[in-house]
Amino acid sequence: MTANDAKIGPPPGGPAGTSGAPLPGHSLTSSPEDVLRAASAENFPVSPLILPARARRHLFALYGFARLVDDIGDEATGDRVALLDTLEADLDRIWGGTPTLPVIQALAPTVRECGLQPEPFRRLVAANRQDQLVTRYDTFDDLLRYCTLSADPVGHMVLGVFGIQTPDRVALSDRICTALQLVEHIQDVAEDLAAGRIYLPGEDLDAFGVREQDLARPTASPAVRELIAFQVLRARRVLDEGTPLVNLVNGRLRLLFAGFVGGGRGALDAVRRADFDVLGGAPTAPKPRIARFALTVALASATPSARRAGRAARVGLPPLVTGGGTITRPASHGGTQ
């Protein structure tokens, strides 16, 4: 499961205002419209309508590709690795040939007009291949390395579309994207477990006295709630570390990126409001609440002190892998089953 975004409530629909619907057959030959129509609650937290038509077209092309890769990795019948191999082979034709799959054909103009490189797209495919082989993550560092495949490339693509892919912005974007992936893992514990996967680090389960079978219960035990509360706290810290990215862009982009941060904050707030019980389904935040979070981020980013903070953040950001700059798990915990 790669991260397109945290779940934030009912979808706004595809470019033509379509609503969520099952993706027919999860086929490689699905049209971009079918892929976007199938997107459920994982969608852009701020409507791309705030952007010019050209930017909207590019973002929907990126989103359609990410959704199709995710759908194949999570839900396709048959040999998913072979399907991903076929998808990647067609993807490579953008840079040296003529793609044949509809979603890749729709993506090609965006890649060429914006001068995007193949690596971020290949990393998303690699993340879904990894999902077919790896179903548990022993440490937080292991999970972060997965996020460099499953989440961070999306930010690289978006920055590339707008021509602002500088090293400082990329570093901050990686924080935001990783945080949104962590948020999705928190929300989707029950769904992931049903698919045979657990994205909560094994070291954290051990520290809070939580067994895998505890995650299969209809409601969360006190120990599970404490575990989830810890994950929320850590994801929020990572998200906050990336938030200065909003200070380093202007105009409509500031609103767009504030929406990404606001979507993450709203999703974490929804988990908190559910008293950290995610076992009955993913807690989601209503759109008006997301909008308030996003507006708060956008307004805060406009102050001179925020601009200075953005410039400072790009210099002093510690590495995430090794736990730098994040809250680490407790050495021991007295949680009970």
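Keep in mind that what you see is a predicted model, and the values were worked out from it rather than measured.

(A) Up close: the overall build of the chain. The number of helices and strands found in the chain is 14 helices and 0 strands. Scanning the chain from its N terminus toward the C terminus, one meets helices and strands in the order α-α-α-α-α-α-α-α-α-α-α-α-α-α. Counting all 337 residues of the chain, 55% fall into the buried class. Of the contacts formed within the chain by residues at least 6 apart in sequence, a portion of 75% connects residues at least 24 apart. Accessible surface, the chain as shown: approximately 13,300 Å² in total, 56% of it carbon and sulfur.

(B) A look at the packing of aromatic side chains. Throughout the structure, instances matching the rule amount to 7 aromatic pairs. Of the aromatic side chains, those joined through ring pairs into one cluster are Phe-65, Trp-95 and Phe-121. In this structure, Arg-234 packs its charged tip against the face of Phe-140, placed 3.7 Å from the ring centre.

(C) Seen up close, the side chain of Asp-269. Structurally, Asp-269 can be placed in helix 12 (residues 251-273). Separated by 2.6 Å, the side chains of Asp-269 and Arg-289 make a polar contact. Setting aside its immediate chain neighbours within four residues, Asp-269 contacts Arg-289 and Phe-293.

(D) The arrangement of the pattern of salt bridges in detail. Tallied over the full model, the rule gives 23 salt bridges. Arg-129 is the salt-bridge partner of Asp-85, the closest N and O atoms lying 2.9 Å from each other. You can see Asp-85 sitting in helix 3 (residues 80-92) and its partner Arg-129 sitting in helix 5 (residues 119-133), a full 44 residues away along the chain. Look at the salt bridges and you will find they share partners, linking Asp-269, Arg-272, Arg-273 and Arg-289 into a network.

Conventions we followed
Residues numbered from 1 in each chain as written. Predicted model: local features only at pLDDT ≥ 70, side-chain atom pairs only at ≥ 80, totals over all residues. Heavy atoms only, no water. Helix = DSSP H or I, 4+ residues; strand = E, 2+ residues; numbered from the N terminus. Buried < 20%, exposed > 50% of the residue type's maximum accessible area, 1.4 Å probe, protein only. Contact = heavy atoms within 4.5 Å. Areas by Shrake-Rupley, 256 points an atom, 1.4 Å probe, with all protein chains shown as cover. Phe/Tyr/Trp six-rings, centres within 6.5 Å; stacked < 30°, edge-to-face > 60°. Lys NZ or Arg CZ within 6 Å of the ring centre and 35° of its normal. Polar contact = N/O pair within 3.5 Å; in protein donor to acceptor, adjacent residues only side chain to side chain. Salt bridge = Lys/Arg side-chain N within 4 Å of Asp/Glu carboxyl O.

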